[in-house]
Structures are given as structure tokens and as C-alpha cells.
Amino acid sequence: MLTRVGYIMFLSRWIQVPLYLGLIVAQFVYVWRFMVELAHLIHLGFGGSPPETTVMLIVLGLVDVVMISNLLIMVIVGGYETFVSRLRIEGHPDQPQWLSHVNANVLKVKLAMAIIGISSIHLLQIFINAARPAITDRELLWKTLIHLTFVVSALALAFIDRIMAGGRPNHESEQGDRPANRQQERAAA
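Read on for a plain summary of the structure. (Residues numbered from 1 in each chain as written. Predicted model: local features only at pLDDT ≥ 70, side-chain atom pairs only at ≥ 80, totals over all residues. Heavy atoms only, no water.)

**Focus: the pattern of salt bridges**
So, point 1. Tallied over the full model, the rule gives 2 salt bridges.
So, point 2. Between Lys-143 and Glu-139 there is a salt bridge, with the nearest N and O atoms lying 3.2 Å from each other. Highlighted residues: Lys-143 and Glu-139, both in helix α5 (residues 137-165), separated by 4 residues, approximately one helical turn.
So, point 3. What makes Glu-139 partly exposed here is its relative accessible area of 25%. (Salt bridge = Lys/Arg side-chain N within 4 Å of Asp/Glu carboxyl O. Helix = DSSP H or I, 4+ residues; strand = E, 2+ residues; numbered from the N terminus. Buried < 20%, exposed > 50% of the residue type's maximum accessible area, 1.4 Å probe, protein only.)

Below, the structure written as C-alpha cells:
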């Protein structure tokens with residue numbers, strides 16, 4: 001009886017699949033949004049002479065969409081691989097490098113770094129618009145503090161991950177050091 005309960009709990013991970021499929025749909029929404037903004041940029045850029053700040057803000061918006069899309073990919077692929085099932089794409093030429101050593105901690109740090117990048121784009125957009133009366137000093141201060149909070153949180157996650165990894169062997173550095181050690185041993189002999 002207890003074995004069946006454990007097996008049912010193990011199978012419950014598949015409940016997350018619709019969530020990841022929903023994120024794929026969200027990815028299509030971002031691709032659509034990107035194309036609409038790109039068409040707007042092309043129309044402005046070739047159809048008139050918009051101010052440089054307008055072009056810059058649209059381009060930053062495009063970069064923002066790409067970074068959010070990258071975040072979605074990390075969550076979809078990394079989350080599925082970590083929490084649901086292996087993708088079994090070892091050796092595929094398009095396999096992302098980070099996927100070979102993904103775990104919940106690595107995924108958290110990568111997501112935090114992506115959020116910092118997205119926050120940086122938003123903060124840059126605010127700074128570019130700072131001269132406009134709609135942007136208050138208070139809003140600028142709060143958005144800067146929120147961005148700094150993201151940075152401190154990411155540093156804390158990376159630090160915690162490093163502490164937790166202290167007890168585990170680092171396979172990448174061990175593999176990287178082996179040929180050098182063999183060469184040194186041969187030279188000494």
C-alpha cells in the first residue's frame with residue numbers, strides 16, 4: 001500500500017506538463033509582440049525621422065521581449081528537465097550547454113540573472129524617460145531599489161549555491177584538470 005502511494009506521488013510530477021505547455025503558448029505571444037514592435041520600428045525608421053530616444057526605447061523593448069523569451073525557455077526546458085522528466089537529447093548538436101548540468105539551484109541562479117537583465121532594461125528605459133514629467137523622482141528611486149534588490153538576491157542565491165556545492169565534487173574542473181595533471185606527471189617522469 002505504501003509503495004503505491006509513493007508511486008502515485010512520483011507520477012504527480014506529470015501534473016506540471018500543462019504548465020510548461022502553457023509557457024510555450026506564452027512564448028508564441030512574445031514572438032507575436034516582438035514582430036508587432038519590430039514592424040512598428042521599421043515603419044518609424046524608414047517612414048520618417050523619429051527622435052533617437054524613440055528608436056532606442058523601441059529597441060530596448062525588443063531586447064526586453066527577447067530576454068523574457070530566454071527566461072521562458074530556461075523555465076520550460078530547465079524546469080521540465082529538473083522536475084518532470086529527462087529530455088534525452090544528449091549528443092544533439094543543438095543541446096544548450098547549461099542543460100547538461102542543470103539542477104534546481106543552477107536554474108534559480110540562471111533565472112535570477114535573467115531577471116536582473118530584464119530589470120536592467122526596464123531601468124534603462126526609465127532613465128531615458130527621466131526628463132519626462134510622468135516619471136517622478138520617487139518612481140525612479142523605487143525602481144532603482146527594486147533592481148538593487150534583484151541584484152542582492154541573485155548574489156545571495158549564487159553564494160548559497162556555492163556553499164552547497166562545497167561538499168560536492170565539481171565535475172567540470174575535475175575533468176578539465178585531468179589532462180593537465182597527466183601532462184605534468186609525464187613531464188616529471
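Let us keep going from here.
**Remarks on a nonpolar patch on the surface**
So, point 1. Together, Ile-115, Leu-141, Trp-142, Leu-145, Ile-146, Leu-148 and Phe-150 give the surface a local cluster of nonpolar side chains, amounting to about 630 Å² of exposed area.
So, point 2. The element that contributes the greatest number of residues to the nonpolar patch is α5, accounting for 6 residues.
So, point 3. Structurally, the position occupied by Ile-146 is in helix α5. (Patch = residues over 30% accessible without salt bridge, like charges linked within 9 Å, V, L, I, M, F, W, Y side chains within 5 Å. Areas by Shrake-Rupley, 256 points an atom, 1.4 Å probe, with all protein chains shown as cover.)

**Considering the packing of aromatic side chains**
So, point 1. Tallying each qualifying case throughout the model produces 2 aromatic pairs.
So, point 2. On the basis of an interplanar angle of 75 degrees and a centroid distance of 6.3 Å, the ring pair of Trp-14 and Tyr-80 is categorised as edge-to-face. Note that Trp-14 is positioned in the loop between α1 (2-11) and α2 (17-47) and Tyr-80 in helix α3 (residues 52-84), a separation of 66 residues in sequence.
So, point 3. Exposure remark for Trp-14: the relative accessible area of 37% places this residue in the partly exposed category.
So, point 4. Here the aromatic rings of Tyr-20 and Tyr-80 are separated by 6.2 Å at their centres, their planes lie at 85 degrees, and the arrangement is edge-to-face. Taken together, the residues Tyr-20 in helix α2 and Tyr-80 in helix α3 connect sequence positions 60 residues apart.
So, point 5. Note on Tyr-20: relative accessible area 10%, which makes it buried.
So, point 6. Among the aromatic residues, ring-to-ring pairing joins Trp-14, Tyr-20 and Tyr-80 into one connected group. (Phe/Tyr/Trp six-rings, centres within 6.5 Å; stacked < 30°, edge-to-face > 60°.)

**Notes on the packing of α2 against α3**
So, point 1. Relative to each other, α2 and α3 sit at 165 degrees, their axes nearing to 10 Å. Accordingly, the angle class assigned to the pair α2 and α3 is roughly antiparallel. Relative to α3, the crossing made by α2 is left-handed.
So, point 2. Per-class residue counts for the contact of α2 with α3 are 24 nonpolar, 5 polar and 2 charged. (Axes fitted to C-alpha atoms, helices over the stretch in contact; angles between N-to-C directions. Parallel < 35°, antiparallel > 145°, perpendicular 65-115°, else oblique. Left-handed = near helix turned anticlockwise from the far one by under 90°. Nonpolar A, V, L, I, M, F, W, Y, C, P; charged D, E, K, R; others polar.)

**Thoughts on the nonpolar core**
So, point 1. One finds Ile-68, Leu-71, Met-74, Leu-99, Val-102, Leu-107, Leu-111, Ala-114 and Ile-118 forming the largest nonpolar core, which totals 9 residues.
So, point 2. Secondary-structure elements contributing two or more residues to this core are α3 and α4 (104-128).
So, point 3. Sort the elements by how many residues they give to this core and α4 lands first, with 4 residues.
So, point 4. Those residues in contact with Ala-114, other than ones at most four positions away along the chain, are Met-67, Leu-71 and Met-74. (Core = buried A, V, L, I, M, F, W, Y, C linked by side-chain atoms within 4.5 Å. Contact = heavy atoms within 4.5 Å.)

**Details of the side chain of Ser-119**
So, point 1. By the element assignment, Ser-119 lies in helix α4.
So, point 2. We classify Ser-119 as buried; its relative accessible area is 11%.

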